[in-house]
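Listed below are the residues making up each chain.
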Amino acid sequence: MMIVAPVQAQSPDQSADISADEVTRTVRTLTLDQFEGRAPGTAGEDRTIGYLIGRFQALGLEPGGVDGSWTQPVPLLHTRLGKPDALDFSINGNGMALNPGKDIYVSTLQPKDRAVVDKAEMVFVGYGVTAPERGWDDFKDVDLKGKVAVFLVNDPDFAAAADETVAGKFGGRAMTYYGRWTYKFEEASRRGAVAALIVHETEAAGYGWSVVESPQGENYGIAKPDDEVTSLALQGWISGGTAQKLFDDAGLDLAKLRVAARKSDFTPVPMGASFTADYPVEQETVQSQNVFGKIPGKARPDETIIYGAHWDAYGEGPPDAEGRIYRAGANDDALGIAGIMEIARKFKSLPQPDRTIVIAAWSAEERGLLGSEVYAQNPIYPLEKTVANLTIDVLQTAGKAKDVILIGKGQGTLEDDLAKYAKAQGRVVTEENLPERGLFFRADHFSLAKRGVPVLLMMSLAGASDLVEGGRKAGQKWIDDYTGNCYHAACDAWSPDWNLDGAVQDINVMFDIGESLAYSERWPEWKAGSEFKERRDASADVRR
Ligand SMILES: [Zn+2]
């Protein structure tokens, strides 16, 4: 990276309390035009990294990155598909031409100049789930090497009636990780498939086709050594209507197969169809960085509590109505960065903790949780002795709330800590209102959760807060305004109308939970039935 002098750090507030003014100053700084909307791999990144390091230094943190530095490299692969030279299904020798972006949407995460699938046999794999803890394996012994895996979206029990044996096995309407498209692509790659295609359904996916095709063939992944590159030349979605026609033409009853896929004795179905595609690919590797500061533990420095937020936002875009070109993510997630800075400042006012506190500013969350994923694949602090990851990603800015929103109910014991410390503030816990959207799998904490680290996510998008002024109706209005107008857009800017009293409450709860762990020997755990429990329990010995 370019060496850039740190932006002049502000002198911290003298009081140790979490301060709305300090939060505001951090957010206003990070959203200045000089940071260019904080897109990974830009000059705006270099300035952001410089600023973060300057702040960590001013707070008195020690470097927490690789080899005594402040950072960890995050090599990113950026790809963009051009117009395909070939794109069709073939059913019993009859071609079915496909309109790219309309009938099918694909992208690639292979660093190659062409993405080619040549008459590869298609296999319907149902929901494509391998969940030993639930006694479920959709693949049985079917070999997918070189084939195209065709998936249904969401969990095997998403569409099940109450009297079906699968009902509730995968959290009912709430999505488990097995329901996410990311899981399905990972599973297809683990099995050596050449392509993975998910049948789109708006309700089960949680969003319409326009969301699926909005990246227009662009994708970001972690740049990997050759032997670790995904087996998938292409990954993506078939539109519902096109899938129906494909199955009809192949003499398969999609409705019946959907029912069959809800049973644990399901076996993959060769479709008698093949997929051909040949796309030119523009690809580049971009160097980005995660940033870390730490407060070393006194008694057990090898045990760490990691606070996380993502420094990246959406960079430059077309001008909005006010002429703003930078999508600087004031709330998402400059506010989270400001929150963990405040938490660090408060910890520094206390006696040295027994365990190490790590403050992590992740890169490339908006590109698919990539900075945190790089970290989880190359952890600086052993994951088995990472006590917890506490993540802040979007806080509400509409004032004090009578409740706090819990995401991922039933997953781990940190939800009990959340209830305890919210109660101490006179607040109650409200469960997220749309667990089928799978928000629990859509922030950086999840990269660590996947490897068994206990996590807690604070994200105000998960349900309407019961605001002191205006109740839940006002809380819903805030969400509707934010997600409807500002999410990932230039309008996600700081405003003098922000009321950070609720955000400060949330930051305080996250501080309290971390503090209760920092001076104790307690290890949070996953609850029975969590898909992450087995992974954690496997390393239980090192925590005795
Ligand atoms: Zn975010």
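Structure first, text after, so check above.
What counts and how
- Residues numbered from 1 in each chain as written.
- Predicted model: local features only at pLDDT ≥ 70, side-chain atom pairs only at ≥ 80, totals over all residues.
- Heavy atoms only, no water.
- Donors = N, O, S within 2.8 Å, 3.2 Å for Na, K, Ca; no water.
- Tetrahedral: all angles 85-135°; square planar, octahedral: opposite > 155°, others 65-115°.
- Helix = DSSP H or I, 4+ residues; strand = E, 2+ residues; numbered from the N terminus.
- Buried < 20%, exposed > 50% of the residue type's maximum accessible area, 1.4 Å probe, protein only.
- Core = buried A, V, L, I, M, F, W, Y, C linked by side-chain atoms within 4.5 Å.
- Disulfide = S-S within 2.5 Å.
- Contact = heavy atoms within 4.5 Å.

Draft legend 1. Expanded view of the coordination of the zinc ion. Coordination of the zinc ion by the protein involves His310 (NE2), Asp332 (OD), Asp393 (OD) and Asp393 (OD), with metal-donor separations of 1.9 to 2.6 Å. Between the 4 donor atoms coordinating the zinc ion, the angles at the centre fall across 53 to 148°, so the site counts as irregular. In primary-sequence terms, the residues that donate to the zinc ion follow H-x21-D-x60-D. Of this pair, His310 sits in strand β14 (residues 300-310) while Asp332 sits in helix α8 (residues 330-348); the two residues are 22 residues apart in sequence, bridging distant segments of the chain. In this structure His310 comes out as buried when scored by relative accessible area, which is 0%. Residue Asp332 is classed as buried on the basis of its relative accessible area of 4%.

Draft legend 2. Here's a closer look at the nonpolar core. Ranked by internal contacts, the top residues of the largest apolar core, which has 81 residues, are Phe89, Met122, Val148, Leu246 and Phe275. Broken down by element, the residue count for this core peaks at 8 residues, all from strand β13 (residues 269-295).

Draft legend 3. Spatial organisation of the state of the cysteines. For the structure on display, the rule yields 1 disulfide. At a sulfur-sulfur separation of 1.8 Å, the disulfide partner of Cys486 is Cys491. Judged by relative accessible area, Cys491 falls into the partly exposed class, the value being 26%.

Draft legend 4. Quick look at the environment of Arg324. Summarising the element assignment, Arg324 is placed in the loop between β15 (315-316) and β16 (326-327). Residue Arg324 is classed as partly exposed on the basis of its relative accessible area, which comes to 26%. Distance from Arg324 to Arg451, taken between C-alpha atoms, is 40 Å for residues 127 residues apart in sequence. Those residues in contact with Arg324 that sit more than four places away from it in its chain are Pro318, Pro319, Ala490, Cys491 and Ala493.

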